[in-house]
Amino acid sequence: MSIPLKSSDDLQAGLRGWQKDAYHEYFKQPRRDFLLVATPGAGKTTYALTVAAELLARREVATLTIVTPTEHLKHQWAESAARFGIAIDSSYKNAQGRAGADFAGVAVTYAQVAAHPMLHRQRTENRRMLVIFDEIHHAGDAMSWGDAVKEAFDPARRRLALTGTPFRSDANPIPFVTYIDEPGGGRRSSSDYVYGYAPALEDGVVRPVIFLAYSGEMRWRTRAGDEITATLGTPMTKDQIAQAWRTALDPAGEWVSRVLEAADKRLTEVRRGMPDAGGLVIAGDHDDARAYAALLRGLTGKRPTVVLSDDPAASKKISAFAASGDRWMVAVRMVSEGVDIPRLAVGVYATSVSTALFFAQAVGRFVRVRRRGETASVFLPSVPVLLGYAAELEAERDHVLRHPGDSPEEEEFAEAQRERNTPDTFDDGPAFQALNASAHFDRVLYDGGEFGTATAAGSPEEEDFLGLPGLLEPDQVRTLLRTRQSAQLTARSQAAAAPAAANNAAGAPAEAPQAPAVSRQVLTTMRKELNGLVGAWSHRTGQPHGVIHAELRRTCGGPQLPQATADQIQARIDTIRRWAVSGR
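Reading the values: rules and limits
- Residues numbered from 1 in each chain as written.
- Predicted model: local features only at pLDDT ≥ 70, side-chain atom pairs only at ≥ 80, totals over all residues.
- Heavy atoms only, no water.
- Pairing = 2+ DSSP bridges.
- Helix = DSSP H or I, 4+ residues; strand = E, 2+ residues; numbered from the N terminus.
- Axes fitted to C-alpha atoms, helices over the stretch in contact; angles between N-to-C directions.
- Contact = heavy atoms within 4.5 Å.
- Salt bridge = Lys/Arg side-chain N within 4 Å of Asp/Glu carboxyl O.
- Buried < 20%, exposed > 50% of the residue type's maximum accessible area, 1.4 Å probe, protein only.
- Right-handed = clockwise from strand over helix to strand, strands pointing away.
- Polar contact = N/O pair within 3.5 Å; in protein donor to acceptor, adjacent residues only side chain to side chain.
- Patch = residues over 30% accessible without salt bridge, like charges linked within 9 Å, V, L, I, M, F, W, Y side chains within 5 Å.
- Areas by Shrake-Rupley, 256 points an atom, 1.4 Å probe, with all protein chains shown as cover.
- Lys, Arg positive; Asp, Glu negative; His and termini not counted.
- Charge placed at Lys NZ, Arg CZ, Asp CG, Glu CD.
- Parallel < 35°, antiparallel > 145°, perpendicular 65-115°, else oblique.
- Left-handed = near helix turned anticlockwise from the far one by under 90°.
- Nonpolar A, V, L, I, M, F, W, Y, C, P; charged D, E, K, R; others polar.

Colleague: How would you explain the sheet that holds strand 19 (residues 432–437) if you had to name every residue and give the values?
Modeller: If you walk across this open sheet you meet the three strands as 12-11-19, and the pairing is antiparallel. Here the strands that pair on one side only, and so sit at the sheet edges, are strand 12 (227–231) and strand 19. When strand polarity is set aside, the average angle formed by the axes of neighbouring strands in this sheet is 25 degrees. One ladder, built from five bridges, connects strand 11 (residues 217–222) with strand 19; its direction is antiparallel. The residue of strand 19 that forms the bridge with Met218 is Ala437. Strands in contact with helix 9 (residues 238–248) are strand 11, strand 12 and strand 19; relative to strand 11, the strand with the most contacts, it is inclined by about 110 degrees.

Structure follows, in structure tokens:
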């Protein structure tokens, strides 16, 4: 066992500012439990190992146990610990009993602890132990896991809990986390140190994330044989949203092909400034992952790395991709948390998992910065819940425990769409058959704002955003998005005004211009576009759809939407987009 004989100053020499602050907070007073909340990509591993090295050097602890969510992360932690001179056995098995004398500690998974909690309790009781919980919220994934962790590590001398997402969609308490009572009932987790995405972005510790949302017309058949057509992102029932979402993700449909094509174009642009930048498609199940990989191979001419949860070589594949310059990897969930691939810069959220926890973990794979100016781009379907998460990326959350029955609708929704291993299903809704899924570019979300004009995939307007430079400071991203939004709105206004100007130039009476013929299909498309924008504005402001439509009529004039002309609808579209740009 090799313990670094370094002073505290030497240990802190390579730490970032927030890591030094958190280090001093940890040693300010003796404490058995410490909960660190730091945004994904901020450097929780380095911080925890610095604390561990100091505790070992002080002889306050004699051994370590690192508990991780996955097998791959065990080995990743061991590699990081070796750089501190700390030997960690990441291949430790429960059957061994005692760890080898050559190691300062072991790395195990939460599932491994749950399989034999008494064994790990005996190890904990035998020596002065520091336990590091990586992504501690996993200890609440099931009551059996939480109980096992509590049983195994209750006697530990020190416990250091880490998480980038300290919130869950259930009410299971997390062991060794302190909860404080809230007015009106319920309890909220209490963290000892918090370093959120917003300050990390300001410090240049993480990348700015640009979300590119894609809508489109979805068509599917229900179990009853009814065919339903709906535009992704417009108001629908919970079951319809789920079915439209799954239709969009159907590998045989146009939506996925178009989005993967756009994401690959974006990756090409990003690689101009980041030559080794990689992309990750997060798929819902094994079949979809293989199908998406085939589509990417057709686009790029090269087979992407495919990582499946039941593949014994998955960890090696992830490590090989991380060290390569390959363009794409397709994975089923398992790369969504903790895996360190700093070159990932473009992502496609092609799963129907809808929890805030999973979304934050997935986005966390793309924010790990290597040098200032790097940006991340995440492509996603225009589903209200995802757009809400994207708009609230900088919000800090705690784990709130509510009394059972306090919010039955929320609990039912969370259960219906809870994270499952494979596949992504919505068993409570009626069976359906995906028939067709078109795609169009909807909008860009960044820093709480929305940019872009809904347009066809492959259009020049879409290219404006796909072609954003891959190296930009956060304020440059904001400025460039606003500039391109303004240019697109100006171009649309000029295009709308051109027919009237041409009529006037030809001597047509100003008081009775001849309106161009507009097809029913064009009017239908424009109404859908307006309804989609109203839905997005409703989600953003909380105003009912009817109130927004009434305000648009008051501002722009004209009858109700079914009776409105193309020019009147376009005026309302332009108006609501100006609201989005200005923040109104």
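Colleague: So, the pattern of salt bridges: which residues are in play, and what are the values?
Modeller: Summed over the entire model, instances satisfying the criterion amount to 28 salt bridges. For the salt bridge of Glu25 with Lys28, the shortest nitrogen-to-oxygen distance reads 2.9 Å. Of the charged contacts, one joins Lys150 and Asp154 as a salt bridge, the two residues approaching to 3.6 Å between their closest N and O atoms. Note on Lys150: relative accessible area 42%, which makes it partly exposed. Each of Glu25, Lys28, Arg31 and Asp192 takes part in one network of salt bridges that share partners.

Colleague: Before we move on, could you go through the pairing of strand 16 (residues 344–350) and cite the residues and values that matter?
Modeller: Strand 16 sits mainly inside the fold: seven of its seven residues count as buried. Of the strand pairs in this sheet, strand 13 (residues 278–283) and strand 16 are connected by six bridges, and their pairing is parallel. When the sheet's bridge partners are listed, Leu280 is paired in strand 16 with Gly347. Note: strand 16 against strand 17 (residues 376–381), three bridges, orientation parallel. What sits directly across from Val346, in strand 17, is Ser377. Handedness of the crossover is the feature at issue here: the chain leaves strand 16, passes through helix 13 (residues 356–364), returns alongside strand 17, and the resulting connection is right-handed.

Colleague: Could you give an account of the environment of Trp220, naming the residues involved and the relevant values?
Modeller: Assignment of secondary structure puts Trp220 in strand 11. Taking the C-alpha atoms as reference, Trp220 lies 6.5 Å from Phe432; in sequence the two are 212 residues apart. There is a polar contact of 3.0 Å between the side chain of Trp220 and the side chain of Gln243.

Colleague: Got a sec to walk through the sheet that holds strand 5 (residues 129–133)? Specific residues and values, please.
Modeller: The sheet built from seven strands is open, its strands ordered 3-4-2-5-6-1-9 with parallel pairing. Because the sheet does not close on itself, it has two edges, and the strands there are strand 3 (88–89) and strand 9 (193–195).

Colleague: Hey, could you go over the environment of Ser257 for me, with residue numbers and the actual values?
Modeller: By the element assignment, Ser257 lies in helix 10 (residues 254–273). Note on Ser257: relative accessible area 28%, which makes it partly exposed. For the pair Ser257 and Ala437, spaced 180 residues apart in sequence, the C-alpha to C-alpha distance is 10.0 Å.

Colleague: I'd like a rundown of helix 13, residues and numbers included.
Modeller: Burial runs high along helix 13: eight of the nine residues are buried. Listed in full, the buried residues belonging to helix 13 are Ala356, Leu357, Phe358, Phe359, Gln361, Ala362, Val363 and Gly364. Against the buried residues of helix 13 lie strand 10 (209–215), strand 13, strand 16, strand 17 and helix 14 (384–391). For helix 13, the N-terminal cap is Thr355; the gap from its side-chain oxygen to the backbone nitrogen of Phe358 is 3.2 Å.

Colleague: So what's going on with a positive patch on the surface? Residues and values would help.
Modeller: Together, Arg59, Arg98, Arg127, Arg128 and Arg157 give the surface a local cluster of positive charge. Mapped onto the fold, Arg98 is located in the loop between strand 3 and strand 4 (105–109).

Colleague: Quick rundown of the packing of helix 3 (residues 44–57) against helix 4 (residues 71–82)? Include the residues and the values.
Modeller: Contact pair helix 3 / helix 4: the axes reach a minimum separation of 10 Å and the direction vectors enclose 55 degrees. Between helix 3 and helix 4, the crossing angle belongs to the class labelled oblique. Considering only the axes of helix 3 and helix 4, their crossing is right-handed. Contact residues: helix 3 offers Thr45, Ala48 and Leu49, while helix 4 offers Trp77, Ser80 and Ala81. A breakdown of the residues in the contact of helix 3 with helix 4 according to their chemical character gives four nonpolar, two polar and no charged.

Colleague: An account of the pairing of strand 1 (residues 33–38) is requested, with residue identities and associated values reported.
Modeller: Burial of strand 1 is extensive: five of the six residues sit out of reach of the surface. In this sheet, strand 6 (residues 158–163) lies alongside strand 1 in parallel orientation, the contact comprising five bridges. Note that in strand 6 the partner of Phe34 across the bridge is Leu160. Of the strand pairs in this sheet, strand 1 and strand 9 are connected by three bridges, and their pairing is parallel. Counterpart to Ala38 in the pairing with strand 9 is Tyr195.

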